[in-house]
Amino acid sequence: MARAHLISRIHPWQTESENQQQAEQELSNPSCLAPLTALWRWSGLGEKSGRGGLDAVASISVPVVIAAGGLLFNHVSEVRQRDIATEERKDTVLREYTSEMKTILLDARVSQQARQEGTEANSIARALTLTALTQLSGHSPLGPQRRSMVFQFLREVKFPVLAGADLTGFDLAGANLSRTSFVGTKFTNADLQGADLTGTDLRGSEFAGADLSKTNLLWADLSGADLKGAQFSRTTCPNGSVTNVGCGLRK
């Protein structure tokens, strides 16, 4: 109905000045169609018909399409550049973390202190690790791989710095945490979807609200662990069974 109303008000026999004058009058019309009608008359399309009208439309639409395409390209390019910058920043975080940890561990005296829970060196090493994991969170395709490299580093240097740590709400999805000591660690509301916890020491750990969907707990030690409130879906239990309701270790 709106289209028919708009077309019915076009008077191609009017002169350009008459069209412009009427357009000015219609711009003050409160009707929502008045601006469209005014634009039609102002552009001069109302005076053209047939091939001339098509040419006029093309002369307007082609530049508009080109401009819109340019804006879209610029937007996509900006998003891509931001994504690249984010990925590079996360690679930098990983490099700086391993470099700072090596500085701590290569000093025999500092390394010995860092391995003793409660010491200043231990607190610094833990803080560095937690900060790195926080900065490496997110759904980037390389996210799980980068998080896994943090735990791989800790395994290789045999440094259980996260035992007893508070990992509440941490994003550990898809990470390889196998054969790592997490004795007494708090995983409340942590995202552990698809994480590999094969052979991991999880004695006395807390998992309230943690997402353990598709998590591999094969051969993990869950003695005294609190799994109450954890989410299970296709989770592999320590005995190798797959469950959607729990591994029979809830308190």
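All figures in this text were calculated on a predicted structure; none of them were measured in a lab. (Residues numbered from 1 in each chain as written. Predicted model: local features only at pLDDT ≥ 70, side-chain atom pairs only at ≥ 80, totals over all residues. Heavy atoms only, no water.)

Colleague: Mind laying out the overall build of the protein chain, listing which residues take part and the relevant values?
Modeller: Helix and strand content of the protein chain: 7 helices and 2 strands. Starting at the N terminus and walking to the C terminus, you meet the elements of the protein chain as α-α-α-α-α-α-α-β-β. When the 251 residues of the protein chain are sorted by exposure, 38% land in the buried category. Put simply, 29% of the contacts in the protein chain that link residues at least 6 apart link residues at least 24 apart. If you sum the accessible surface of the protein chain, you get close to 14500 Å²; carbon and sulfur atoms cover 57% of it. (Helix = DSSP H or I, 4+ residues; strand = E, 2+ residues; numbered from the N terminus. Buried < 20%, exposed > 50% of the residue type's maximum accessible area, 1.4 Å probe, protein only. Contact = heavy atoms within 4.5 Å. Areas by Shrake-Rupley, 256 points an atom, 1.4 Å probe, with all protein chains shown as cover.)

Colleague: Break down the state of the cysteines for me, citing the residues and quoting the values.
Modeller: If you walk through the whole model with that rule in mind, you get 1 disulfide. What pairs with Cys237 in a disulfide is Cys247, and their sulfur atoms sit 2.1 Å apart. Judged by the torsion about the S-S bond (-90°), the Cys237/Cys247 disulfide is left-handed. Of the two residues, Cys237 is situated in the loop between strand E1 (235-236) and strand E2 (242-243) and Cys247 in the segment after E2; the sequence distance between them amounts to 10 residues. Owing to a relative accessible area of 2%, Cys237 belongs among the buried residues under this scheme. (Disulfide = S-S within 2.5 Å.)

Colleague: Lay out helix H6 (residues 120-135) with the relevant residues and their values.
Modeller: With 16 residues, H6 should cover 22 Å at 1.5 Å per step; its first-to-last C-alpha distance of 23 Å lies within 8% of that length. Buried residues of H6: Ala121, Asn122, Ala125, Arg126, Thr129, Leu130, Ala132 and Leu133, and no others. Down the axis of H6, the buried side of the element spans an arc of 165°, and every buried residue falls inside it. (Expected span 1.5 Å × (residues − 1). Arc of directions from axis to C-beta.)

Colleague: Before we move on, can you summarise the packing of aromatic side chains with the specific residues and values?
Modeller: Applying the stated criterion to the full structure yields 4 aromatic pairs. Each ring, one from Tyr97 and one from Phe153, has its centre 6.0 Å from the other, and the planes form 70°; the classification is edge-to-face. Of this pair, Tyr97 sits in helix H4 (residues 50-106) while Phe153 sits in helix H7 (residues 143-156), and the two are 56 residues apart along the sequence. Each member of the pair, Tyr97 as well as Phe153, carries the same accessibility label: buried. Ring geometry for Phe187 against Phe207: centres 5.0 Å apart, planes inclined by 10°, an arrangement best described as stacked. Remark: Phe207 occurs in the loop between H7 and E1 and Phe187 occurs in the loop between H7 and E1; sequence separation between them is 20 residues. (Phe/Tyr/Trp six-rings, centres within 6.5 Å; stacked < 30°, edge-to-face > 60°.)

Colleague: Run through the nonpolar core, naming residues and quoting values.
Modeller: Residues Leu154, Leu162, Leu172, Phe187, Leu202 and Phe207 are the most contacted members of the largest nonpolar core, which totals 45 residues. Of all elements in the fold, only H4, H6 and H7 reach the threshold of two or more residues within this core. The element that contributes the greatest number of residues to this core is H4, accounting for 6 residues. Sequence-distant contacts of Leu154, that is, excluding residues within four places in its chain, are made with Tyr97, Met101, Thr129, Phe159, Val161 and Leu162. (Core = buried A, V, L, I, M, F, W, Y, C linked by side-chain atoms within 4.5 Å.)

Colleague: Any details on unusual backbone geometry? Residues and values, ideally.
Modeller: The phi dihedral of Lys158 falls on the positive side, at around 50°, and the residue is not glycine. With respect to the secondary-structure elements, Lys158 resides in the loop between H7 and E1. According to the relative accessible area criterion, Lys158 is exposed, its value standing at 65%. One non-glycine residue, Arg234, adopts positive backbone phi at about 55°. Here Arg234 lies in the loop between H7 and E1. In this structure Arg234 comes out as exposed when scored by relative accessible area, which is 52%.

Colleague: Got a sec to walk through the confidence of the model for the protein chain? Specific residues and values, please.
Modeller: Across the protein chain, pLDDT averages 80, with 68% of residues at or above 70. Looking over the protein chain, one finds the lowest element-wise mean pLDDT in helix H1 (residues 2-8), namely 40, and the highest in E1, namely 96. Here residues 1-10 is a poorly scored stretch, pLDDT under 50, and it has 11 contacts once near neighbours within four places are set aside; other chains count. (pLDDT = per-residue confidence, 0-100.)

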